[in-house]
Each structure stands twice: as C-alpha cells, then as structure tokens.
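Descriptive structure summary
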Amino acid sequence: MFRILFTSWYTGLGGGETDLLTLVDALDRSRYQPHLLLPAAGQLSERWRSAGWPVHILPYRGVSTWFIPALWKRFPVVRRMTELLRRQKIDLVQGDYHTLPLIAPAAQIAGIPLTWTVWGWWFKPKPWQKSFFRRIPVAAARSRAIRDGFLGEPPFMPVEQLPLVYSGVDTKRFRPGLDGASLRREIGIAAAARVVAMVARFQRVKGHHTFQAMAQRILAERPDTRFIVAGDDVFGVAADQRYRDEILSNARSSAILRDRLHYLGFRGDVESVYAAADVVVCPSEFESYGLANLEAMACALPVVSTRRGGPSETIAEGVTGFLVDPGDANALGKGVLRLLNDAPLRARMGAAAREHVERSFSVDAAAAAHSAIFEDLLAL
C-alpha cells in the first residue's frame, strides 16, 4: 500500500476541498492510504478524520502568486515537512498551489515524487517561477480554462506536462429523487412553489449581487417564485465577509426579496438544496470549473450559468442548460423563466444533464486518471 500525502492551504469546505474529499474517497483503498497536511484544523480536517484518514497539522503561511522559489525553500517549515514525510513514510505527495513551494523542496530532500492539481486560472507563473513548475514532472488541470490561463500563450512548458483531469461527481450522493420537501418545509416554501437555487461561497466573483438582480426581474413576472442560496464565507477573508454582509443587508432591505430569497448558510447536506430546487443558477463572473453546476446536473436539474471559464466546458448549451455572459442578470432571468414556464423542457434538460454527468464527469473517471498519474510517478 502506498501512502499519499495530500496538501491544502484551505481548511474550510469550498469547491476544491469538496472535490478533494470526493476524489480520495473514490481511490482504491487497498492500493493507497491518504494522508492530509493542513496549516490549521477546520471543516476539511473534521471531514477527513471522520473518514478514518490521518491528518497532520503544521502551521505555515500559504504562498501568494509572487512567491520566490529560492527563498521559500529555505523556510524552517520545509525541514519540518521533510521530517513529516520521513516519519510517516510517505511514498508520494499530491500538492496544492499555496503549499507547493514548501512541500516540493521537502519532497525533493526526502526523495519522494510529487505532483499537484492546478485549480486557479489566475495562477500565472512569473518569469522567475517558470523553471520551478517545469521541474515538476506532471500536474493536473481541472479545466481547459485553468490550463490555458496557467500556461499562457505561448505555453511556457509542454501541454502534456499538465493533462486535463476534470473533477468527478459522486453520482450516488448527487442523484435524482432525493428528498427536497423537508428543506422546503424547514424554510417555509410551499410544495407547489417554483424554486431557483444557487450554491456558492460568499465572494464577489461568485455573483450573489447578480443573482439578486436576476431574482427581482423574475419576480416581476412570476411573484410566486422562491429563491434559495446555500454557502457561507468559507475562508474568513475580510473582503468576503464585507461582501456577505452587503448581500444579506440588500436582501433584508428589499421589500420584494425579503420574504422570497432565503440564505441558508453552509449546508453539509447540499444535495438537499438541489433536491428542493427546480432550476440551479451559477451567476459567477468567472468559474475555474464550477463544481456546483455538475452536482446540480447529476441531480437531474437544468442549469443556467455564466459561460466564462469551466461552465463552457461542462454545460451543453441548450441541452443540459443555458449559458449567458457574466454580469447579465437579464439573460440569466430569461433562461430561468423559460425553464420555469416549461415543465417538459425542464424534465428533458434535467434527464440530459444527468446522462451528461454520468458519461463525462463521473468520480470513477477522475479517480482512474489520478491513479494513472500516481502509478507513473511511483514507478520512477
């Protein structure tokens, strides 16, 4: 059995962290034992431990996009990471961007192969960082948008060194026919009401303000519609907290939204949110991937999403949902109203969405792709 150390700078449960948990749960447990390295305890460590996997806490500061590899490899925490790798007899490291300049030199010292997953299109390497990334044999990009943004034009290293591995969805957890009535009763939404949902952490790029503007436009035509938003300020960033306060204040002060728009906060049972909805909306200004879209589609729900980034790769326009330009509340509302007003269309698109996820975005396919990378590196 090979021991793989996964690293994450983030300790909450955003899309990337949920993806990590889903992936690790799908790996062959007779072949791999997953370990996790974090700078602090949090929701991610709680979920990881509850699955029976080892967690290691080493306080450290995650890097910014301006990191200098030659400087960061000299930090004392690199020695502590090296000791951890040796003490736990780790065979391979699967890193994240914000930990990579620390764990990569530690793995090199310990003589352990390393790979990592690129989640952010905005991680554009600076000239002094490019040789650092070139030295890593292989990584995985979560979407073409992420890969293209990271590599630049022309690519600063071979595209083959950064294969595309889409996140997989647990289609047993996210499936049609789940109970949504309980959540509707919990927040006082009638069984016959049409419900539009959004699932995202509070961050301006996620477009909660656009969702509110869209809701007002829909309510002008269909005042019986109800809206639910799941998610919270996951990472404790001051700007995100201010944005959350602004959004909640706007909803409370709006006579039309106050009783029709429900903010649920963080939901560990996010599948119940999808089950309570008729349509799911992603109003983000940009999505590196857009995992919530795929979760919704796995639940046989049509999605109306902005197109910039990952959603243009995962949503089949006019088949599993509709794509619109970022910031266009009118276009979002038009797509949602079309679905709310046409039950057969919702059903057809929902069925196509489920089939689309099962065919192209299953967690088994993602686990197989990562396992192939792991095996190649372990064989070196």
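Anything mentioned here points back to the structure above.
Residues numbered from 1 in each chain as written. Predicted model: local features only at pLDDT ≥ 70, side-chain atom pairs only at ≥ 80, totals over all residues. Heavy atoms only, no water.

1. Structural notes on unusual backbone geometry
The test is simple: A helix here means a DSSP run of H or I that spans at least four residues, while a strand means a run of E at least two residues long, and both kinds are numbered starting from the N terminus. The buried label goes to any residue with under 20% of its type's maximum accessible area, the exposed label to any with over 50%, and the partly exposed label to all in between, with areas taken from a 1.4 Å probe on protein chains only.
Residues Glu-153 and Pro-154 are joined by a peptide bond in cis, for which omega reads 0 degrees. On the secondary structure map, Pro-154 appears in the loop between α7 (144-151) and α8 (181-187). Residue Lys-89 is not a glycine yet carries a positive backbone phi of 55 degrees. Tracing the backbone shows Lys-89 in the loop between α4 (76-87) and β4 (92-95). According to the relative accessible area criterion, Lys-89 is exposed, its value standing at 59%. In the Ramachandran plot, Ala-300 falls in the positive-phi region, its phi being about 65 degrees despite a non-glycine side chain. The topology assignment puts Ala-300 in the loop between α12 (291-298) and β11 (303-306). Looking at Ala-300, the relative accessible area reads 24%, which means it is partly exposed.

2. A few points about the pattern of salt bridges
This is how it is decided: A carboxyl oxygen of Asp or Glu within 4 Å of a side-chain nitrogen of Lys or Arg is what we treat as a salt bridge.
With the rule as written, the count across this model stands at 18 salt bridges. One salt bridge connects Glu-246 with Arg-204, and the closest N-O pair in it is separated by 3.2 Å. One end of the pair, Glu-246, is in helix α10 (residues 238-253); the other, Arg-204, is in the loop between β7 (195-199) and α9 (208-221), and 42 residues separate them in sequence. Classification of Arg-204 by relative accessible area gives partly exposed; the value is 41%.

3. Brief notes about the pairing of β4
The criterion, for reference: In this description, strands pair whenever DSSP reports at least two bridges between them.
Here β4 shows two buried faces, one formed by Leu-92 and Gln-94 and the other by Val-93 and Gly-95. Looking at chain direction, strand β1 (residues 2-7) and β4 are connected through three bridges and run parallel. Across the sheet, the residue bridging to Ile-4 is Leu-92, located in β4. Sheet analysis places β4 next to strand β5 (residues 114-118), joined by three bridges and oriented parallel. Looking across to β5, one finds that Gln-94 is bridged to Thr-115.

4. Digging into the sheet that holds strand β6 (residues 140-141)
Across a sheet, strands are paired by hydrogen bonds formed along the backbone, either parallel or antiparallel in direction. Short version of the rule: Two residues form a contact once any of their heavy atoms are found within 4.5 Å. To get an axis, fit a line to the C-alpha atoms, keeping to the stretch in contact for a helix; angles then go from 0 to 180 degrees between the N-to-C directions.
The strand order across the open sheet formed by six strands is β3-β2-β1-β4-β5-β6, and the pairing between neighbours is parallel. The open sheet terminates on both sides in strands that have one partner only, identified here as β3 (55-57) and β6. The strands touched by helix α2 (residues 43-50) within the sheet are β1, β2 (32-38) and β3, with β2 carrying the most contacts at an inclination of about 160 degrees.

5. Side note on the sheet that holds strand β12 (residues 321-324)
Spatial strand order, β9-β8-β7-β10-β11-β12: six strands in an open sheet with parallel pairing. Each of the sheet's edge strands pairs with one partner strand only, and the pair in question is β9 (261-265) and β12. Here the strands of the sheet are splayed against their neighbours by 20 degrees on average, with no regard to which way each runs. One ladder, built from four bridges, connects strand β8 (residues 226-230) with β9; its direction is parallel. Across the sheet, the residue bridging to Ile-228 is His-262, located in β9.

6. Looking at a nonpolar patch on the surface
Stated formally: To count toward a patch, a residue needs a relative accessible area over 30% and no salt bridge; like charges are then connected within 9 Å, while nonpolar side chains (Val, Leu, Ile, Met, Phe, Trp, Tyr) are connected within 5 Å. The Shrake-Rupley method, run with a 1.4 Å probe sphere, supplies the accessible areas, and residue values consider only the shown protein chains as cover.
A cluster of nonpolar residues, Trp-66, Ile-68, Leu-71 and Trp-128, forms a patch on the protein surface that exposes about 440 Å² of accessible area. Note that Trp-66 resides in the loop between β3 and α3 (69-72).

7. Topic: the environment of Arg-134
The residue Arg-134 is located in helix α6 (residues 130-134) in this model. The class of Arg-134 is partly exposed, set by a relative accessible area of 40%. Distance in space between the C-alpha atoms of Arg-134 and Pro-158 is 8.6 Å, their sequence separation being 24 residues. If we ignore the near neighbours within four places in the chain, the residues touching Arg-134 are Phe-156, Met-157 and Gln-161.

8. Re empty space enclosed by the protein
Regions of empty space are outlined by a rolling probe, equal in size to a water molecule, passed over the atoms. Selection criterion: Cavity means a closed set of points on a 1 Å grid over the protein atoms alone, one where a 1.4 Å probe fits but cannot get out, pocket means an open set with protein on both sides within 12 Å along at least 5 of 7 lines, and lining means a residue has an atom within 4 Å of a point. Grid points are joined across faces, edges and corners, and a volume is the space filled by probe spheres set on the points. Residues are sorted three ways: Asp, Glu, Lys and Arg are charged, Ala, Val, Leu, Ile, Met, Phe, Trp, Tyr, Cys and Pro are nonpolar, and all the rest, Gly among them, are polar.
A complete count under the given rule lists one cavity of 30 Å³ or more for this structure. Roughly 30 Å³ of volume is contained in the largest cavity. Lining the largest cavity are Thr-18, Thr-22, Gly-168, Val-169, Asp-170, Phe-174, Leu-291 and Glu-295. Of all the secondary structure elements, the ones that give two or more residues to the lining of the largest cavity are α1 (15-26) and α12. Looking at the lining of the largest cavity residue by residue, the class counts come to three nonpolar, three polar and two charged.

9. Quick notes on the environment of Ala-192
Checked against the element boundaries, Ala-192 lands in the loop between α8 and β7. Ala-192 gets classed as exposed once you look at its relative accessible area, which sits at 70%.

10. Let's talk about α7
In terms of burial, α7 is a largely internal element, six of the eight residues being buried. Taken together, the buried positions of α7 are Ala-145, Ile-146, Arg-147, Gly-149, Phe-150 and Leu-151. Each element contacted by the buried residues of α7 is listed here: β5, α6, β6 and α13 (311-314). Gly-152 sits one or two residues past α7 and shows a positive phi near 75 degrees.

11. Things to note about the pairing of β8
Here is the rule: Orient the strands so they point away from the viewer, and a crossover whose first-strand-to-second-strand path over the helix runs clockwise is right-handed.
Burial analysis of β8 places four of its five residues in the buried class, which makes it a mostly covered element. Of the strand pairs in this sheet, β7 and β8 are connected by five bridges, and their pairing is parallel. Note that in β8 the partner of Val-196 across the bridge is Phe-227. Of the crossover connections in this fold, the one passing from β7 over α9 to the parallel β8 is right-handed.

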